[in-house]
Every structure is written in C-alpha cells, then in structure tokens.
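Letter by letter, the chains look like this.
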Amino acid sequence: MQTEILERMESEVRTYSRSFPTVFTEAKGARLHSEDGKQYIDFLAGAGTLNYGHNNPHIKQALVDYIASDGIVHGLDMWSKAKREYLETLEEVILKPRGLNYKVQLPGPTGTNAVEAAIRIARNAKGRHNIVAFTNGFHGVTMGALATTGNRKFREATGGIPMQGGSFMPFDGYMGEGTDTLGYFEKLLGDNSSGLDIPAAVIVETVQGEGGINPASIPWLQRLEKICRAHDILLIIDDIQAGCGRTGKFFSFEHADITPDIVTNSKSLSGYGLPFAHVLMRPELDIWKPGQYNGTFRGFSLALVTAAAAMRHFWSDDAFERDVQRKGGIVEERFQKIATFMTEQGHDASERGRGLMRGLDVVDGDMADKITAQAFKNGLIIETSGHSGQVVKCLCPLTISDEDLNEGLDILERSVKEVFSQA
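Predicted model, so just to flag it, every value in this text is computed and none were measured. (Residues numbered from 1 in each chain as written. Predicted model: local features only at pLDDT ≥ 70, side-chain atom pairs only at ≥ 80, totals over all residues. Heavy atoms only, no water.)

Thoughts on the overall build of the protein
Stated precisely, the cut-off is as follows: For the purposes of this entry, the term helix denotes a DSSP run of H or I that reaches at least four residues, the term strand denotes a run of E that reaches at least two, and both are numbered from the N terminus. Burial classification: accessible surface area is computed with a 1.4 Å probe over protein chains only, and a residue below 20% of its type maximum counts as buried, one above 50% as exposed, and the rest as partly exposed. Accessibility throughout is a Shrake-Rupley quantity obtained with a 1.4 Å probe, and a residue counts as covered only by protein chains that appear here. Under the counting rule used here, the positive set is Lys and Arg, the negative set is Asp and Glu, and His together with the chain ends is not counted. Working definition for charges: the position is that of NZ of Lys, CZ of Arg, CG of Asp or CD of Glu.
Along its length, the protein carries 14 helices and 17 strands. Looking at the 423 residues of the protein, the share that counts as buried comes to 53%. Carbon together with sulfur atoms contributes 49% to the accessible area of the protein, which is approximately 18800 Å² in total. When the 44 basic and 55 acidic side-chain charges of the protein are each reduced to a single mean position, those positions are 3 Å apart.

What follows is the structure, given as structure tokens:
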C-alpha cells in the first residue's frame, strides 16, 4: 500500500485519512474496499453525503445515460434539460406533497455556500444584520457561516479575524433538563436593554450533527417557529446533514410539522456524492438582483441529474422513509444496549438521535477515539462528533441491508468490549 506521496504532499489539514489510514479503491452499497484487500462496512457514508450508498445502481445508470448522450455538464446558471427535470421532480415529488411553496436558488456546490446565501437572503429581506444561532451548532467554515458555528476549533483558525454578525443562544437541553432555553431567548427579545439586536433570522439544525447528534424536541422546534413569527424573524432550517431522509423524513423539520422560511440542503442532495446544494425560500424573499450572488459551479448538471433520479426512485411514496425509521429503531436498540454495557462497567454512556442519525455519547473523547480506532481494525468505519469528540456517530447509508447493518453493529459492540478488556 503506497501512501508516501499522499503523506508528503497533502496538507496537514486532512482529518479522515488519519482516522482511517488506508487507501480505498472501490465501494458498493455500504461497503468499502481498500488497496490491501480488506473490506469495511461504512457507517460514515461521506459524513452523510451518501445516504443512498456508494454507487447506487439506479442513480448511477441515470448519470451514465446522461454522460453517454453528451448532456450539458457545465452551463453556469443557463437553462438546461437537466435543470428543468430537476426542478420538475423537486416540485412534484418533494414540495407539492408536503404543501411547500418555495423558490429555488442554486448557489455554489457546498453546504457552506448554501448557508452563506441563506444568511444573505435573510439580511436583504429584513434589513438587519444579526443572525441567531445555537450552542453546538455547525453551519460551515466560510466566514459568514462560521459566525454561526459554535465549535471553537473552527472559529480559532481565522488568523485572528473576528467573527461578526452572529449571536448564540442555548440549544434545547444545553442548560440541562428543566431549563427553558427558549424562555431565555424570548426574554432577551422582549427586553430593549438585553443587548441582543433583533435578528434577521434564526438558523438551526433540528438534529445537530457535528455538535454531537443533539435532537431538538418537537415542542421546542414548534415553539421556536412561533417565537420567530411573533417577532418578524425568519426561520432558517439547516438541513444539510439531517435532510434528504437521514432522520426518516425527506426534510428533518417534517417531524415537527413546521414550515421554515428558508431551507438549506447539500450533502446527500445529489444522491451520488456529487457536489450540490440548493436554498429553498418563500417566494417573497427572492429579492436578489441578477448576478448578485453567483458561483462558477452553481447548478452542477451531473448532480441535477442524479438528484432527480434519487428523488424519483426513493421518494415517490412513503415506503423508503418507513424503512429508514425501522432501521433507525434497530440502531437505537443496539446503541442503548452498548450504553447499558458501558454504564455497568462504570463508564457513563447514553444513546440519542432521530431516524438513522444516531449517536452513542461516551462522555470522553479519548474513549470515543479508542472505540472508533478498534472498530476500524475490526472492519467498521465510524466517526465521532461533539464538542470534544465524545459521541460515536452512526451515519450509515439509508439503503444499508439489514445484514450489513447488524454486522456493523456487531463489530461496534465487539470493539467496545475489546476496548474495556484492554483497559
């Protein structure tokens, strides 16, 4: 296995190759193969970018057919058949059945591009600068998005340039059970001497991904929407990791039956790991002037094709979302079992999440690292998240077979027991 040129030439900023030090060569479904002949079950799935697995055959065929027909690959934001079919599919398969009416903006291809655009939409519409975000939230690492990202690791890597335009409020459960975090937010909004500038928008993940798989309760999300409406504040749902079916619904906010003003999607939006993002906004918020927000790779045609294929294949009825929720129940039960074992061994642990976005909180980042390192040795790729990397995070493909899912969970359980036996 040749890694010398990779280690020598790639920037020190790399992360995943440190946790999983091997050279991967091919992938199918929920399995990865490495150059040295080993096989791994993938509970990382491109950090939530491969919800439909590696090289999904239905999506791949649509892409191959399009390329073979000499379809438009790059066209800036010119109109194309691929774009028309994507918008038609999005409207007919996703938006109309959910009673949603949104305009679609295609920014640059990443999640942070979508967040930057959403923030600017809100500021343009409301004429206010402040954006309220929440503790442990992650919204990207470009400067605007970073101002709404809580993790100090990312915020400190700016060369000393201060983050501006964001205010942080405590997320649901951040202050412990029984503390009304939204009551605190309401108090600040209602007090002219609180020091909080009335925000243009609130941006929130319904389940915080990088923050440690922290799900906001349904009543909390519903109350947050009411607060925003009462104070003329736009509600932005960052559905970049939690969306596209990860929680068991196409949009994670569907569980709470709320209607955001603005939605950001990326990661699994293309369905195939191709870079792609969009921003959905209420039509009256679309006050952009032509070219006021652009990007060379906005509306990447190949991703438009695969995204439309994914929506048609998986979301034309509710069978897929029901299966995701069923599999989520399997992971929840197994994570609870592992947490019980760890607690009985004198190490606190707990399970949480929604759908197939689940976390095993082992409290200590060093312990989580030991577990994931042992899992990798045993043939499972799984990462950590949280303020100190203390949460072992399951983001397996939503299409994973029950056989692969249970084998991966068996590996994780065995790895946890091996870590304790080595202590």
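A closer look at helix H4 (residues 57-68)
Let me state the cut-off plainly: The span one expects for a helix is its residue count, reduced by one, times 1.5 Å. This arc is built from the directions going out from the helix axis to the C-beta atoms. We call two residues contacting when some pair of their heavy atoms lies within 4.5 Å. Polar contacts, as counted here, are pairs of nitrogen or oxygen atoms within 3.5 Å of one another; within protein the pair requires one atom able to donate a hydrogen and one able to accept it, and residues that are adjacent in sequence qualify only if both atoms are side-chain atoms.
An ideal rise of 1.5 Å per residue puts 16 Å on twelve residues; H4 measures up with 16 Å between its terminal C-alpha atoms. Buried within H4 we find Ile59, Leu63 and Tyr66. Along the axis of H4, the buried residues cluster in a sector spanning 65°; they form a single face. Looking at the buried positions of H4, the neighbouring elements they touch are helix H5 (81-95) and helix H11 (301-314). The N-cap of H4, judged by a side-chain oxygen 3.1 Å from the amide nitrogen of His58 a few residues on, is Asn56.

Focus: the packing of aromatic side chains
Condition: Geometry of aromatic contacts follows a simple scheme: Phe, Tyr and Trp rings, the Trp one being its six-membered ring, pair when their centres are within 6.5 Å, and the pair is stacked under 30 degrees between planes, edge-to-face over 60, tilted otherwise. Throughout this description, the term charge over a ring refers to an Arg CZ or Lys NZ atom that lies within 6 Å of the ring centre and within 35 degrees of the ring normal.
In the structure shown here, the tally under the stated rule is 17 aromatic pairs. Summarising the aromatic geometry, the rings of Phe251 and Phe253 are spaced 5.0 Å apart at their centres and angled 15° between planes, so their arrangement reads as stacked. With respect to class, Phe251 is no different from Phe253; both count as buried. An angle of 90° between the planes, with centres 5.3 Å apart, marks the rings of Trp315 and Phe320 as edge-to-face. With relative accessibility at 10%, the residue Phe320 sits in the buried group. Members of the aromatic cluster, each reached through a chain of ring pairs, are Tyr52, Phe250, Phe251, Phe253, Phe314, Trp315 and Phe320. The ring of Phe341 carries the charged tip of Lys417 above its face, separated from the ring centre by 5.6 Å.

Quick notes on the pairing of strand S3 (residues 39-42)
Rule in force here: Here, strands pair whenever DSSP counts at least two bridges between them.
Pairing analysis gives three bridges linking strand S2 (residues 31-34) to S3, with the strands arranged antiparallel. From the neighbouring strand, His33 faces S3, where its bridge partner is Gln39. Remark: four residues form the turn of the hairpin made by S2 and S3, two consecutive strands paired antiparallel; Gly37 in that turn has positive phi of roughly 90°.

Here we look at the sheet that holds strand S6 (residues 166-169)
In plain terms, the rule: Between the N-to-C directions of two axes lies an angle of 0 to 180 degrees, each axis being a line fitted to C-alpha atoms and, for a helix, fitted only over the stretch in contact.
The seven strands lie next to each other as S4-S12-S11-S10-S7-S5-S6, forming an open sheet whose pairing is mixed. Each having just a single partner strand, strand S4 (103-105) and S6 make up the two edges of the open sheet. Going from strand to strand, the sheet's axes swing by 25° on average, the running direction of each strand aside. In the sheet, strand S5 (residues 131-134) pairs with S6 via four bridges, with the strands oriented parallel. Bridge pairing links Val132 to Ser167 in S6. Sheet strands in contact with H5 are S4 and strand S12 (278-281), and its direction is about 55° off that of S12.

Some details on the sheet that holds strand S17 (residues 391-394)
Strand order in the open sheet formed by four strands is S13-S14-S17-S16, and the pairing between neighbours is antiparallel. Strand pairing shows two members of the sheet lacking a second neighbour, strand S13 (350-354) and strand S16 (383-385), which therefore form its edges. Neighbour-to-neighbour, the strand axes of this sheet turn through a mean angle of 30°, independent of strand direction. Summarising the sheet, strand S14 (residues 357-361) and S17 pair through four bridges and their orientation is antiparallel. Paired with Arg358 across the bridge in S17 is Cys394.

Brief notes about the packing of H4 against H11
Here is the rule: Any angle that falls under 35 degrees is termed roughly parallel, while one over 145 is termed roughly antiparallel, one within 65 to 115 roughly perpendicular, and all others oblique. In this scheme the handedness of a crossing depends on how the near helix is turned from the far one: anticlockwise by less than a right angle means left-handed, clockwise means right-handed.
Where H4 meets H11, the closest approach of the two axes is 9 Å, and the angle between their N-to-C directions is 140°. When the axis of H4 is compared with that of H11, the two are oblique. The way H4 lies across H11 gives a crossing that is right-handed. From H4, His58, Ile59, Ala62, Leu63, Tyr66 and Ile67 reach across to H11, where they touch Ser301, Leu302, Val305, Thr306, Ala309, Ala310, His313 and Phe314.

So, the nonpolar core
What counts here: Side-chain atoms within 4.5 Å link the members of a nonpolar core, which is a set of buried Ala, Val, Leu, Ile, Met, Phe, Trp, Tyr and Cys residues.
With 87 residues, the main nonpolar core has Phe43, Phe185 and Leu224 as its most contacted residues. Apart from residues no more than four positions distant in its own chain, Phe185 is found in contact with Val132, Met169, Leu196, Val202, Leu224 and Ile227. Counting 23 residues, the second-largest nonpolar core is a separate cluster that includes Val115, Ala201, Ile203 and Trp288.

A word on a nonpolar patch on the surface
Worth spelling out the cut-off: Here a patch means residues that are over 30% exposed by relative accessible area and free of salt bridges, tied together within 9 Å if like-charged and within 5 Å if nonpolar (Val, Leu, Ile, Met, Phe, Trp, Tyr). Basic side-chain nitrogens of Lys or Arg form a salt bridge, by our definition, when they fall within 4 Å of a carboxyl oxygen of Asp or Glu.
There is a patch of nonpolar side chains on the surface, built from Ile5, Leu6 and Met9 and spanning about 310 Å² of accessible area. Within the fold, Leu6 resides in helix H1 (residues 4-9). Residue Leu6 is classed as partly exposed on the basis of its relative accessible area of 41%.

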